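Results of the structural survey
Residue-level listing of the chains:
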Amino acid sequence: MTRRTLAVVSAGLSQPSSTRLLADQLAAATRDELVRRGSEVELHVVDLREYAHDVVNNMLTGFAPAALREVIDTVTGADGLIAVTPIFSASYNGLFKSFFDVLDSESLVDRPVLIGATGGTARHSLALEHAVRPMFAYLRSVVVPTAVFAAPEDWADGTADGALRARIRRAAGELADQIERRPPATGPADPFALTTDFLQMLGRGDGEPVN
Amino acid sequence: MQFGIFTVGDVTVDPTTGREPTEHERIKAMVAIALKAEEVGLDVFATGEHHNPPFVPSSPTTMLGYIAARTERLLLSTATTLITTNDPVKIAEDYAMLQHLSDGRVDLMMGRGNTGPVYPWFGKDIRAGIPLAIENYDLLHRLWREDVVDWKGKYRTPLQSFTSTPRPLDGVPPFVWHGSIRSPEIAEQAAYYGDGFFANHIFWPKEHTQRMIALYRQRYAHYGHGSADQAIVGLGGQVFMRRNSQDAVREFRPYFDNAPVYGHGPSLEEFTRETPLTVGSPQQVIDRTLGFREYVGDYQRQLFLMDHAGLPLKTVLEQLDLLGEEVVPVLRKEFAALRPAHVPAAPTHASLVAAAGGAKDSTVHAVDDVTGKAPEGATR
């Protein structure tokens, strides 16, 4: 049985948070889909709110405090990522962006990502397409075609048959597809790994590969 | 083991008085701090090199030459010398000159510099930082070891029949450290040449230092310079002391909270937990510093950052009294007792001369342009 890890990042600020609620539903649907296909799934849910100060400190000092380091390693080392933000002023909120700003820009390359957002009105829904999706495009992640936006009315008639539920299932299926196409993740990249030896760096070309 | 201080040379407002020193005051303060370092029995004074405000030390060998003339024992070093934006030819000349003037009391620490806009002022590009450090140092290394150099590279004009003068004192180039916070390539570079590796170890978590030193040691052994535990390691450190630790915290907090590097970010408590910064009594500094050895192994040089963030000169001199009188004597004794016999001390001019089989004059005398002959008895 293949073991898969799924990182879930929620940038909701209130508690309880509808952003977290959407994140949980996306996570559960993806987990169920992967399990149905025969994988074992480990879920790691991160409420960025708990690391808000650490994220700012990371921006100012250039390093992640230990607790945030652990979260970053979890997120960058997972097989798939579900990233959900509330929409503020027509875009992701600042905490969401700041978290992805402190990651190494190569750390989510080719990573299957499902994006979701919540907002006070359905008129915010395209922010997923004009703000969140381009950010992950920059990070060269593979964002699944279905992005899931939940407006207040989606929660109001949020039954098992609701339109939101259908989108969640479709998006989860797409994320599971992308995860399944890849070999299991090997964890976060080691920033201190030496990938070349000195003679290669010196351009003398006769160096040996470094293990 | 060598103990000393390194300075960035920043001109920073004292947040407790609102007063900002002039460049002149800061430069003179740096000299006073260096002289104090010798007076209290420290071994090393290292200055940064910067080419933009708010920093004053743009001309390290001028300052170190002046300090050399006013000291007897103090080893003069850099933290760091910009191997990327400086011409390696000028580094070879300047530091060989300083080596002669100081009778061998000089070594250098190479660094890349992390300020993007500085590079183009010197015709360089920060995106080529690592390749510049690699190529320039390789040339510098040859200029100090080969009397006549023919060289062609990517980043400077070629050299034909070039002799860097003066030749190194006694035929032995200054010892070189390579400093880096988190670039494994630089640890690899230091290991390749069998040079020293210095971990900044002040603004970042100890895990960075631990990983970089482990890599350097492993590659030092790989390149056949000795066993991993014989590699030459230096560490930075940052402390503020008062006899009573509560007084140290109270006095240092406004400097910490407003410091250019980490101010307005983490709390003093968070930062002392996450990085090697120690604010407290001399005993706390002794305990924390001895603990460094537990994650990097026995090492050769410990430098402390003492004079930044707007701390007034008087306070810095008091700190140096505490460091020299109460902390370093204990550290010397404790580290020496822990160090196995096969682990070398930090190289000095005397030890390098001895390892080279004794001093030899390496003067290169001019060649006659017409006959091509060197004067009788001259080295060529």
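Residues numbered from 1 in each chain as written. Chains lettered and ligands numbered in written order. Predicted model: local features only at pLDDT ≥ 70, side-chain atom pairs only at ≥ 80, totals over all residues.

The name that an unreviewed UniProt entry assigns to chain B is Luciferase-like domain-containing protein, with the source organism given as Micromonospora noduli.

The name that an unreviewed UniProt entry assigns to chain A is FMN reductase (NADPH), with the source organism given as Micromonospora noduli.

1. Concerning the overall build of chain A
Tallying secondary structure elements over chain A gives eight helices and seven strands in all. Taken across its 211 residues, chain A has 39% of its residues classed as buried. Sequence separation of 24 or more characterises 75% of the internal contacts of chain A that already satisfy a separation of 6 or more. (Helix = DSSP H or I, 4+ residues; strand = E, 2+ residues; numbered from the N terminus. Buried ≥ 20, exposed ≤ 12 C-beta atoms within 10 Å, placed from the backbone. Contact = placed C-beta atoms within 7 Å.)

2. Considerations on the pairing of strand β1 (residues 2–10) of chain A
Residue and element names in this part refer to chain A. With seven of its nine residues buried, β1 lies for the most part within the structure. Where β1 meets strand β2 (residues 39–47), nine bridges bridge the pair, whose relative direction is parallel. Counted as the bridge partner of threonine 2 is serine 39 from β2. After leaving β1, the chain enters helix α1 (residues 18–36) and then returns to the sheet as β2, a path that is right-handed. Across five bridges, the pairing between β1 and strand β3 (residues 80–88) is parallel. The partner of leucine 6 across the bridge, within β3, is glycine 80. (Pairing = 2+ DSSP bridges. Right-handed = clockwise from strand over helix to strand, strands pointing away.)

3. Details of the interface of chain B and chain A
Contacts between the two partners involve 20 residues from chain B, matched on the other side by 15 residues from chain A. No other element matches the five residues that helix α6 (residues 184–193) of chain B contributes to the side of chain B that touches chain A. Within the side of chain B that touches chain A, the residues separate by chemical class into 10 nonpolar, three polar and seven charged. (Nonpolar A, V, L, I, M, F, W, Y, C, P; charged D, E, K, R; others polar.)

4. Digging into the packing of helix α5 (residues 129–143) of chain B against α6(B)
Residues and elements named next belong to chain B. Contact geometry of α5 with α6 gives a least axis separation of 11 Å together with a crossing angle of 15 degrees. Regarding the angle of α5 to α6, the classification is roughly parallel. Seen along the crossing, α5 lies across α6 with a hand that is right-handed. Here α5 contributes Ile130, Ala133, Ile134, Tyr137 and His141 to the contact with α6, which in turn contributes Glu185, Ile186, Gln189 and Tyr193. Considered class by class, the residues forming the contact of α5 with α6 number six nonpolar, two polar and one charged. (Axes fitted to C-alpha atoms, helices over the stretch in contact; angles between N-to-C directions. Parallel < 35°, antiparallel > 145°, perpendicular 65-115°, else oblique. Left-handed = near helix turned anticlockwise from the far one by under 90°.)

5. Examining the environment of A:Ala64
Residues and elements named next belong to chain A. Counting through the fold element by element, alanine 64 comes out in the loop between α2 (52–61) and α3 (66–76). Along the chain, alanine 64 and leucine 103 lie 39 residues apart, while their C-alpha atoms are 9.5 Å from each other. Setting aside its immediate chain neighbours within four residues, alanine 64 contacts Asp54, Asn58, Arg69, Ile72 and Val102.

6. A closer look at the pairing of strand β9 (residues 196–199) of chain B
Residues and elements named next belong to chain B. In β9, alternate side chains face the same way, and those of Gly196 and Phe198 on one face and Phe197 and Ala199 on the other are all buried. Once you follow strand β8 (residues 175–179) into α6 and on to β9, the crossover reads as right-handed. Alignment of β9 against strand β10 (residues 233–235), held across three bridges, turns out to be parallel. Within the sheet, the bridge partner assigned to phenylalanine 198 lies in β10 and is glycine 234. Regarding the hand of the β-α-β motif, the stretch spanning β9, helix α7 (residues 206–222) and β10 is right-handed.

7. Notes on unusual backbone geometry
With an omega of 0 degrees, the peptide bond running from A:Gln15 to A:Pro16 counts as cis. Locating A:Pro16 in the fold gives a position in the loop between β1 and α1. The omega torsion across B:Thr165 and B:Pro166 is -5 degrees, close enough to zero to call that bond cis. As for its placement among the helices and strands, B:Pro166 is situated in the loop between β7 (159–162) and β8. With a phi close to 50 degrees, B:Ser161 is a non-glycine residue in the positive phi region. Along the chain, the position of B:Ser161 falls in strand β7. Judged by the 8 C-beta atoms lying within 10 Å of it, B:Ser161 falls in the exposed class.

8. With respect to helix α2 (residues 60–69) of chain B
Residue and element names in this part refer to chain B. Where α2 is concerned, the buried positions are Pro60, Thr61, Met63, Leu64, Ile67 and Ala68. Across the axial projection of α2, the buried residues extend over an arc of 160 degrees, all falling on one side. Buried residues in α2 make contact with α1 (23–39), β2 (44–47), β3 (75–78), β4 (81–82) and α3 (88–101). (Arc of directions from axis to C-beta.)

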